[in-house]
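Descriptive analysis of the structure
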Amino acid sequence: MKRKLITRIATVAMLLGQGAAWAAQPVIDVYKTATCGCCKAWIQHLEKNGFTVKAHDVADTSGYRAKFGIPQQYGSCHTGTVAGYALEGHVPAADIHRLLAQKPKAAGLAVPGMPAGSPGMEGPRQDPYDVLLVKQDGSATVYGHHGSK
Ligand SMILES: [Cu+2]
């Protein structure tokens, strides 16, 4: 439902000649706990890469994860949505831009856990990690690989 509405809004925006500006800065809604520091760092990463972020502090993110179609096994510390897709965990902005350009049939993207070196989890350690494309049936394929190896 939400997706249809967004599509309609996008169509109206395009008719007004603002399509490019809207497409360049889609809004990402993020559900996180108030005390999560790496969630805030991830949000800053998104904003630095052209996204507008609306953050919502919630007591527990697992209900949002389930609602947006991401199985708990792919869970991380925060759950977001953009253009009808779920974004679970520390997903790099580049993969989100690719998702929005390619528009695959899927529930969304997930970076399970909190890999060291992912956006918002920067530090001395850089672990290799995968960005998963989670399908509507809960299965997943590798959408992107980051870090060494
Ligand atoms: Cu985190």
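A few points on the structure. Each chain carries its own residue numbering, running from 1 in the direction its sequence is written. Only residues with pLDDT of 70 or above have their local features reported here, since the model is predicted, and side-chain atom pairs are shown and tallied only from 80 upward, although totals for entire chains, interfaces and linings are computed over all residues.

**Some details on the environment of Val111**
Filter applied, for reference: Starting at the N terminus, helices and strands are each numbered in turn, a helix being any DSSP run of H or I of at least four residues and a strand any DSSP run of E of at least two. For every residue pair, C-beta atoms are placed from the backbone, and the pair is scored as a contact if these atoms sit within 7 Å.
Relative to the assigned elements, Val111 resides in strand S5 (residues 108–111). When the C-alpha positions of Val111 and Gly144 are compared, they lie 9.9 Å apart, and in sequence the two are 33 residues distant. In contact with Val111, not counting residues within four places along its chain, are Ser76, Glu88, Gly89, His90, Val91, Ser118, Tyr129 and Val131.

**Considerations on the environment of Gly138**
Stated precisely, the cut-off is as follows: Exposure classes come from backbone-placed C-beta atoms, where a residue is buried if 20 or more other C-beta atoms lie within 10 Å of its own, exposed if 12 or fewer do, and partly exposed in between.
Here Gly138 is to be found in the loop between strand S6 (129–134) and strand S7 (140–146). Accessibility expressed as a C-beta count within 10 Å gives 12 for Gly138, which makes it exposed. Sequence-wise, Gly138 and Pro71 are 67 residues apart; in three dimensions their C-alpha atoms are separated by 6.2 Å.

**Thoughts on the nonpolar core**
Formally: Here, a nonpolar core means buried Ala, Val, Leu, Ile, Met, Phe, Trp, Tyr and Cys residues linked by C-beta atoms lying within 7 Å of one another.
Judged by nonpolar contacts, the single largest core of 31 residues is most densely connected at Ile70, Leu87, Leu109, Ala110, Leu132, Leu133 and Val134. Looking at this core, the elements that each hand over two or more residues are strand S1 (27–32), helix H3 (37–48), strand S4 (85–89), helix H5 (93–102), S5, S6 and S7. Counting residues per element, this core draws most heavily on S6, at five residues. Leave out the neighbours within four places in its chain, and Ile70 touches Arg65, Thr79, Ala86, Glu88, Ala107, Gly108, Ala110 and Val134.

**A word on the sheet that holds strand S2 (residues 52–57)**
Put simply, the rule is: A pair of strands counts as paired when DSSP detects no fewer than two bridges linking them. Lines fitted to C-alpha atoms define the axes, with helix axes restricted to the stretch in contact, and inter-axis angles between N-to-C directions lie between 0 and 180 degrees.
Spatially, seven strands are ordered S2-S1-S3-S4-S5-S6-S7 in an open sheet, and the strand pairing comes out mixed. Looking along the sheet, the strands with just one partner apiece sit at the ends: S2 and S7. Along the sheet, successive strands turn relative to each other by an average axial angle of 20°, direction set aside. Across the sheet, H3 is in contact with S1 and S2; its angle to S2 comes to roughly 165°. On the sheet, H5 packs against strand S3 (79–82), S4, S5, S6 and S7 and is oriented at approximately 160° with respect to S5.

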